[in-house]
Amino acid sequence: MTELRFHRDLYDGETVDEAIKTFERFATIERAEDDEHWIVRLSADAPPRERRVAGELGNYALGLTIRRSTGAR
Amino acid sequence: MSSSLDGFPEGQVQFDLERGGASVRVDAGLYPLEAIYGAAYVFIDRCFVLLDRADGGAYRVWLSPKKATDEQSVRAMLGELGNELLSCAWRAQIAKESRSIIEAVTARALGGARGAPGLDDLEAFDFSDEAFDDPLGIAMSWEEKYGKKKAEEPKAEAAEPDAEPKP
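Residues numbered from 1 in each chain as written. Chains lettered and ligands numbered in written order. Predicted model: local features only at pLDDT ≥ 70, side-chain atom pairs only at ≥ 80, totals over all residues.

Student: Let's hear about the overall build of chain B: which residues, and what values?
Tutor: Summing up its helical and strand segments, chain B has 6 helices and 5 strands in all. Of the regular secondary structure in chain B, the N- to C-terminal order runs β-β-β-α-β-β-α-α-α-α-α. Buried residues in chain B amount to 18% of all 167 residues. (Helix = DSSP H or I, 4+ residues; strand = E, 2+ residues; numbered from the N terminus. Buried ≥ 20, exposed ≤ 12 C-beta atoms within 10 Å, placed from the backbone.)

Student: Quick rundown of the overall build of chain A? Include the residues and the values.
Tutor: A tally of regular secondary structure across chain A gives 2 helices and 3 strands. Mapped in sequence order, the helices and strands of chain A form the string β-α-β-β-α. Restricting to contacts in chain A with at least 6 residues of sequence separation, those with at least 24 account for 61%. (Contact = placed C-beta atoms within 7 Å.)

Student: Explain the nonpolar core to me, and be specific about the residues and the numbers.
Tutor: Counting residues in each nonpolar core, the largest one holds 45 residues, and the members touching the most others are B:Ile36, B:Ala40, B:Val49, B:Val61, B:Leu63 and B:Leu81. Residues in contact with B:Ala40, not counting those within four places in the same chain, are A:Leu62, B:Val49, B:Leu51 and B:Val61. (Core = buried A, V, L, I, M, F, W, Y, C linked by C-beta atoms within 7 Å.)

Student: Outline the packing of helix α1 (residues 33-43) of chain B against helix α2 (residues 71-97) of chain B, supporting the account with residue identities and numerical values.
Tutor: Residues and elements named next belong to chain B. The N-to-C vectors of α1 and α2 enclose an angle of 135 degrees; their axes lie 8 Å apart at closest approach. By the angle class used here, α1 and α2 are oblique. The element α1 and its partner α2 pack so that their crossing is right-handed. Of the residues in α2, those touching α1 at Glu34, Ala35, Ile36, Gly38, Ala39, Val42 and Phe43 are Met77, Leu81, Glu84, Leu85, Cys88, Ala89 and Ala92. Broken down by class, the residue content of the contact of α1 with α2 amounts to 11 nonpolar, 1 polar and 2 charged. (Axes fitted to C-alpha atoms, helices over the stretch in contact; angles between N-to-C directions. Parallel < 35°, antiparallel > 145°, perpendicular 65-115°, else oblique. Left-handed = near helix turned anticlockwise from the far one by under 90°. Nonpolar A, V, L, I, M, F, W, Y, C, P; charged D, E, K, R; others polar.)

Student: Any details on the environment of B:Leu33? Residues and values, ideally.
Tutor: Within the secondary structure layout, B:Leu33 lies in helix α1. On a C-alpha basis, the gap between B:Leu33 and B:Ala89 in space is 8.9 Å, while along the polypeptide they are 56 residues apart.

Student: Could you give me a rundown of the pairing of strand β5 (residues 59-65) of chain B, with the residues and numbers involved?
Tutor: Residue and element names in this part refer to chain B. The pairing of strand β3 (residues 21-26) with β5 spans 5 bridges and is classified as antiparallel. Across the sheet, residue Arg25 finds its bridge partner in β5, namely Arg60. Adjacent in sequence and paired antiparallel, strand β4 (residues 47-53) and β5 are bridged by 5 residues, among which Gly56 carries a positive phi angle near 75 degrees. (Pairing = 2+ DSSP bridges.)

Student: Can you tell me about the interface of chain A and chain B, naming the residues and giving the values?
Tutor: With 12 residues of chain A in contact, the opposing surface of chain B contributes 12 residues. Mapped onto the side of chain A that touches chain B, the elements with two or more residues apiece are β1 (2-7) and α2 (47-71) of chain A. Considering each element in turn, the side of chain A that touches chain B owes the most residues, 7 residues, to α2(A). Counted by class, the side of chain A that touches chain B contains 4 nonpolar, 6 polar and 2 charged residues.

Student: Would you mind going over the sheet that holds β1(A) in detail, with residue names and values included?
Tutor: In sheet architecture, strand pairing relies on hydrogen bonds along the backbone and comes in two forms, parallel and antiparallel. Residue and element names in this part refer to chain A. The antiparallel open sheet is built from 3 strands, whose spatial order is β1-β3-β2. The open sheet is flanked by β1 and β2 (28-33), the only strands paired with a single partner. Across the sheet, the mean angle from the axis of one strand to that of its neighbour is 20 degrees, orientation sign disregarded. Direction of pairing for β1 relative to strand β3 (residues 37-43): antiparallel, over a ladder of 6 bridges. Its bridge partner being in β3, Thr2 is matched across the sheet by Leu42. Strands β1, β2 and β3 of the sheet are contacted by helix α1 (residues 13-23), whose axis makes an angle of about 10 degrees with β3.

Student: Tell me about α1(A), and name the residues and values.
Tutor: All names here are of chain A. Three or more residues of α1 are buried, namely Thr15, Val16, Ala19, Ile20 and Phe23. Seen along its axis, α1 keeps its buried residues to an arc of 145 degrees; they face one direction. Of the residues in α1, the exposed ones pointing more than 90 degrees away from the buried face are Glu14 and Lys21. (Arc of directions from axis to C-beta.)

Student: Which residues make up the confidence of the model for chain B, and what values go with them?
Tutor: On average, residues of chain B carry a pLDDT of 81, and 84% of them reach 70 or more. Scored by ipTM, the complex comes to 0.90, with pTM at 0.69. (pLDDT = per-residue confidence, 0-100.)

Okay, structure coming up:
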């Protein structure tokens, strides 16, 4: 299982949700949260696939956050 | 298992062989968040990128190359990230300093694009308002300023009949 922690100061929560929706058909995904982070735990059939899905999910959330932050300016 | 990487300042970079990537600590006082976003965005086609907060209010940027995950590739990516961070921070500073100029030029361009004033605008316009004071007569026409004065012409004509004819 891979755990991704998205800090609330740096990631827009809606973009994390959108990334989860986009990638949930490629892995089993659980979501959780603590005071500072949105936490995503995911597992896939094989470690290389899991690494790739986790990485792409993180990139997707980051890309959307950056696009929203620059568009809102 | 993480370790520091040769060639980078001690404590700034942590290399994680198991996860096939490295993280770099970025000082929030030197690099604004928009510069970190800009630099991170450059790498999302080649690396998996994750941002986090570090102790002392700093940021931590995690990079893991998508294809090659050996130390050499990670080192090269981190070097590029450092350069990109500097470039983005400098661009952000220039954008901040010239924001007022850009806004003024844009406002003027958009104002000009509105076209000629309409009848309602002309009706509301105060034509009696003087544009500026002109104590030196700079805005006067040449004729107004240096032309013959009308009052002098009749006087000269009137003087001619009184003049006695010369022998």
